[in-house]
Amino acid sequence: MATVCVPLAKGFEEIEAVSLIDVMRRGGIEVIVAGVNEELVTGANGITIKADTDIKNVVAEDLDMVVLPGGWDGTHALAEDPTVQSLLKEMKAKEKIVGAICAAPFALKAAGVLGERYTCYPSVEEQIGNLEGYTDKEKVVIDGNVMTSRGPGTAICFGLAIVRKLVGEATYNELKAGLLADYC
């Protein structure tokens, strides 16, 4: 079974985090929700989620992927947290998958793990800086072991793309049909 860590920092985007966690778990992926400096993490819209563990307890060796939800405050916290940044760098060094949605590719860039091609929430690409590699034409961009997505409206598609990559085409197709996500 594949294992994915979803770090949550105060100000995370709830639709993205919950959609990703839900879709991945439906796809048979073990998802570890890791709080950054708190067990009860409050999102950008006031929804609080209880983390499974603290990010300091997460070990890259035990993971297949780390995926970051967006939300500006949460993204900046992920970009500034030394444990999260170290985990992302270790995932890249071990040639494991990293991903981010919405504003969170900014945190991948801070760790030096963002791919050449990526997508993100409109206007965040200006803060990331690699405008040549940015596209707003795809819901999900896969560049080697880096996966990125645009924002709240693409979260289910992003979760499905992660299931496809980690679990396989058959599970992806079954889950996509069951979620009525033909738009992905």
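Residues numbered from 1 in each chain as written. Predicted model: local features only at pLDDT ≥ 70, side-chain atom pairs only at ≥ 80, totals over all residues. Heavy atoms only, no water.

Enquirer: Can you break down the overall build of the protein residue by residue, with the values?
Expert: On a plain count of helices and strands, the protein comes out with seven helices and nine strands. Across its three principal axes, the protein shows a C-alpha extent of roughly 40 × 35 × 35 Å. Counting all 184 residues of the protein, 54% fall into the buried class. Taking the intrachain contacts of the protein between residues at least 6 apart in sequence as the baseline, contacts between residues at least 24 apart amount to 65%. Summed over its atoms, the accessible surface of the protein is roughly 8100 Å², and 48% of this surface lies on carbon and sulfur atoms. Between the averaged position of the 17 positive side-chain charges in the protein and that of its 27 negative side-chain charges there is a distance of 3 Å. (Helix = DSSP H or I, 4+ residues; strand = E, 2+ residues; numbered from the N terminus. Buried < 20%, exposed > 50% of the residue type's maximum accessible area, 1.4 Å probe, protein only. Contact = heavy atoms within 4.5 Å. Areas by Shrake-Rupley, 256 points an atom, 1.4 Å probe, with all protein chains shown as cover. Lys, Arg positive; Asp, Glu negative; His and termini not counted. Charge placed at Lys NZ, Arg CZ, Asp CG, Glu CD.)

Enquirer: Can you explain the environment of A100? Please cite residues and give values.
Expert: Within the element layout of this structure, A100 appears in strand β7 (residues 97-101). A residue is classified by how much of its surface remains accessible, and A100, at 0% relative accessible area, is buried. Remark: the alpha-carbon pair of A100 and V67, spanning 33 residues in sequence, is separated by 5.3 Å. Those residues in contact with A100 that lie beyond four places of it in its chain are V67, L68, P105, L108, M147, T148, S149 and F158.

Enquirer: Give a detailed account of the sheet that holds strand β1 (residues 3-8), specifying residues and quantitative values.
Expert: Read from one edge to the other, the open sheet built from seven strands follows the order β5-β2-β1-β6-β7-β9-β8, with strand pairing classed as mixed. Single-partner strands in this sheet number two, and they are β5 (53-54) and β8 (140-143). Pairing analysis gives two bridges linking strand β2 (residues 30-35) to β5, with the strands arranged parallel. Bridge assignment links A34 to a residue of β5, and that residue is T53. The sheet contacts of helix α3 (residues 82-93) involve β6 (65-68) and β7, and relative to β6 the element is tilted by about 135°. (Pairing = 2+ DSSP bridges. Axes fitted to C-alpha atoms, helices over the stretch in contact; angles between N-to-C directions.)

Enquirer: Which residues make up helix α7 (residues 169-178), and what are the values?
Expert: Y172, L175 and K176 are the residues of α7 that are buried. Burial along α7 is one-sided: seen end-on, the buried residues are contained in an arc of 100°. Within α7, the exposed residues directed more than 90 degrees away from the buried face are A170, E174 and G178. Here the buried face of α7 lies against α1 (14-26) and α6 (155-166). Once α7 finishes, L180 follows within two positions and takes phi at roughly 55°, a positive value. (Arc of directions from axis to C-beta.)

Enquirer: I'd love a proper account of α6, names of residues and values included.
Expert: Three- or four-residue spacings in an α-helix give side chains the same orientation, since the helix completes a turn every 3.6 residues. Relative to the 16 Å expected for 12 residues at 1.5 Å per residue, α6 spans 16 Å between its end C-alpha atoms, a close match to the ideal helical length. Of the surrounding elements, those touching the buried residues of α6 are α1, β6, β7, β8, β9 (146-149) and α7. (Expected span 1.5 Å × (residues − 1).)

Enquirer: Help me get a handle on the pairing of β2, residues and values and all.
Expert: Within β2, five of the six residues are buried, leaving the element largely enclosed by the surrounding structure. Bridge count between β1 and β2: six bridges; the pairing is parallel. Paired with P7 across the strands is A34, a residue of β2.

Enquirer: Summarise the packing of α6 against α7; cite the residues concerned and give the values.
Expert: Where α6 meets α7, the closest approach of the two axes is 7 Å, and the angle between their N-to-C directions is 155°. Considered as vectors, α6 and α7 are oriented roughly antiparallel to each other. Two packed elements cross with a definite hand, and for α6 against α7 that hand is right-handed. Taking contact as the criterion, the partners of L160, V163 and R164 in α6 are, on α7, E169, T171, Y172, L175 and K176. For the contact of α6 with α7, the class distribution of residues is four nonpolar, one polar and three charged. (Parallel < 35°, antiparallel > 145°, perpendicular 65-115°, else oblique. Left-handed = near helix turned anticlockwise from the far one by under 90°. Nonpolar A, V, L, I, M, F, W, Y, C, P; charged D, E, K, R; others polar.)

Enquirer: Could you give an account of the state of the cysteines, naming the residues involved and the relevant values?
Expert: Within the structure shown, the criterion is met by one disulfide. The disulfide that involves C157 links it to C184, with 2.1 Å between the sulfurs. The sign of the S-S torsion, about -85°, decides the handedness of the disulfide formed by C157 and C184: left-handed. Highlighted residues: C157 in helix α6 and C184 in the segment after α7, separated in sequence by 27 residues. With a relative accessible area of 5%, C157 lands in the buried category. (Disulfide = S-S within 2.5 Å.)

Keep in mind that these numbers describe shape and distance, not what the molecule does.
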